[in-house]
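# Results of the structural survey
One-letter residues, chain by chain:
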Amino acid sequence: MSTVLYILLAVLIFGILIGIHEWGHFVAARACGVRVREFALGMGPLLWHREDKHGTQLSLRALPIGGYCAMEGEDEASDDPAAFTNAAPWRRLLILVAGAAMNFLLGLAVILALFTQMDAFVAPTITEFAAGCPYEGADALQVGDTFWRINGQRIYTTGDVTTYLARRSGDTSDITVVRDGKKLTLEDYPMVPVEYADPETGEVTVRYGFTLGVRESGPGAWLKYSWYGAMDFVRMVWLGLEDLITGAAGIQQMTGVVGIVDLIADVGTQSDTTRDALLNIAYLTAFIAINLAVMNLLPLPALDGGRILFLFVTWAAERLLRRKIDGKYEGYVHAAGLVALLGLMAFVMYNDIARIIAG
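Summary of the structure given here. (Residues numbered from 1 in each chain as written. Predicted model: local features only at pLDDT ≥ 70, side-chain atom pairs only at ≥ 80, totals over all residues. Heavy atoms only, no water.)

Time to look at the state of the cysteines. For the structure shown, the criterion picks out zero disulfides. Among the cysteines around Cys32, which has no disulfide bond, Cys69 carries the closest sulfur, lying 11 Å off. (Disulfide = S-S within 2.5 Å.)

Okay, structure coming up:
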C-alpha cells in the first residue's frame, strides 16, 4: 500500500474512533430518556441527513475531523422534561462517561483480536540468574518470583520490569514479588544494571542479570493479557501527563492529529508486508482509542471530564443553595475551555507540521 492509502486509512480510523465515542453518548442518552437533537458524523457542511422516529436528525457532514451528539439542554436551561439538564445526576453521569467507555472498550476489543493470534505470552517471572548475579539470594530475588509491583506500579508484562526500574529517583526500589502464592516486598532494595561478560565470547553487556520467561497460553491468557495491555496503555497516558507536568517532557513533544496520521503512515510503509502493516496499525489504533478515553475524562473544560466535574459541583451547589443553577454559566466555561483547547491543538498541529517538514 502507498503512503497516500495509509493516510486515508488513518483518517478513516479517526472517523471510527470519533464515531464510536459519540455513539456511546447517543445510546446512553436514549437509554436515559434524554432527547438527542442531532447525531452527526463529521463537521462542517451537511452532506446527508434523515430524521428517525424519535425526532433525532442523523447527519453526515463534509469534514471527517469530528462529530457530535447534540442533546436538548446540554449547555443551557430548558423546559423540556427530556432535556439533559433536567435528567437525574446519575443519568447525566452515565451519558458523559459512555463516550470514553466506548473508546476504551474498542481499544480492548482490538487488543483481544490481535492477541488471539498469539501462541503464548511471557509472564514477568524469573526463570534463571546470570552467574554471580548479586540480586539472587534467600533475602533477595529467587527463581520462580513473579514481579507484582515496582515502586508502586503494577507489573503486567516483562517490559514493565525494566521500564519501572528505570523510572526511579535513586538506585533503590520497592519491589513486590509473588512467591509461592504470597506477596513479598523488598523495600529500598538496591538494584542497578551490572556488567556481565559472556563466558564464551567475552562480550560485556550491562543488565540486571535475571531472565524472565514463563509462557502462558490459551483463552485465559488471551483475556488476561488483553486486559493487561489495556491497563498498560492507560498508565502510559498518565505517565506522559506526569512527564509534562514535571518537565521531563516538553509541550513541543506532544503529538496531535497530524502527527498521528504521519505516524500511522510511517508504521504502514515501514512494515515488511501489508499484513504486518495492518496488524501494527491496529495495535496503534488500540492505543489511540484508550488514549482518547483517558484524555477525554480529564477534568478540563470542554472535555467530558470537565462536564463530569461540573456535574458534581453544580449538584453540591444546588443542594447548598436550594435552587437550580442555570446551565448557561457552565456553557460559558466550556466555551472558554474549547477556545483554549483549539488554541493548544493549533499549536500542536504547527509543531507536527514543522517536524514533518524538517524530516
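Per the counting criterion, the structure on display carries 10 salt bridges. Across the pair Asp52 and Arg30 runs a salt bridge, and its minimum N-O distance is 2.4 Å. Remark: Arg30 occurs in helix H1 (residues 3-31) and Asp52 occurs in the loop between strand E1 (36-51) and strand E2 (57-71); sequence separation between them is 22 residues. Put simply, Arg167 and Glu242 hold a salt bridge, and the shortest N to O gap is 3.7 Å. (Salt bridge = Lys/Arg side-chain N within 4 Å of Asp/Glu carboxyl O. Helix = DSSP H or I, 4+ residues; strand = E, 2+ residues; numbered from the N terminus.)

This next bit is on the packing of H1 against helix H6 (residues 274-296). Each pair of packed helices can be described by the angle between their axes along with the distance between the axes. H6 packs onto H1 with a crossing angle of 35° between their chain directions and a minimal axis gap of 11 Å. Considering how the two elements wind past one another, H1 and H6 form a crossing that is right-handed. Residues Tyr6, Leu9, Ile13, Leu17 and His21 of H1 lie in contact with H6, whose contacting residues are Thr274, Ala277, Leu278, Ile281, Thr285, Ile288, Ala289, Leu292 and Asn296. Of the residues belonging to the contact of H1 with H6, the class tally is 10 nonpolar, four polar and no charged. (Axes fitted to C-alpha atoms, helices over the stretch in contact; angles between N-to-C directions. Left-handed = near helix turned anticlockwise from the far one by under 90°. Contact = heavy atoms within 4.5 Å. Nonpolar A, V, L, I, M, F, W, Y, C, P; charged D, E, K, R; others polar.)

Honestly, it's all geometry; don't read function into it.
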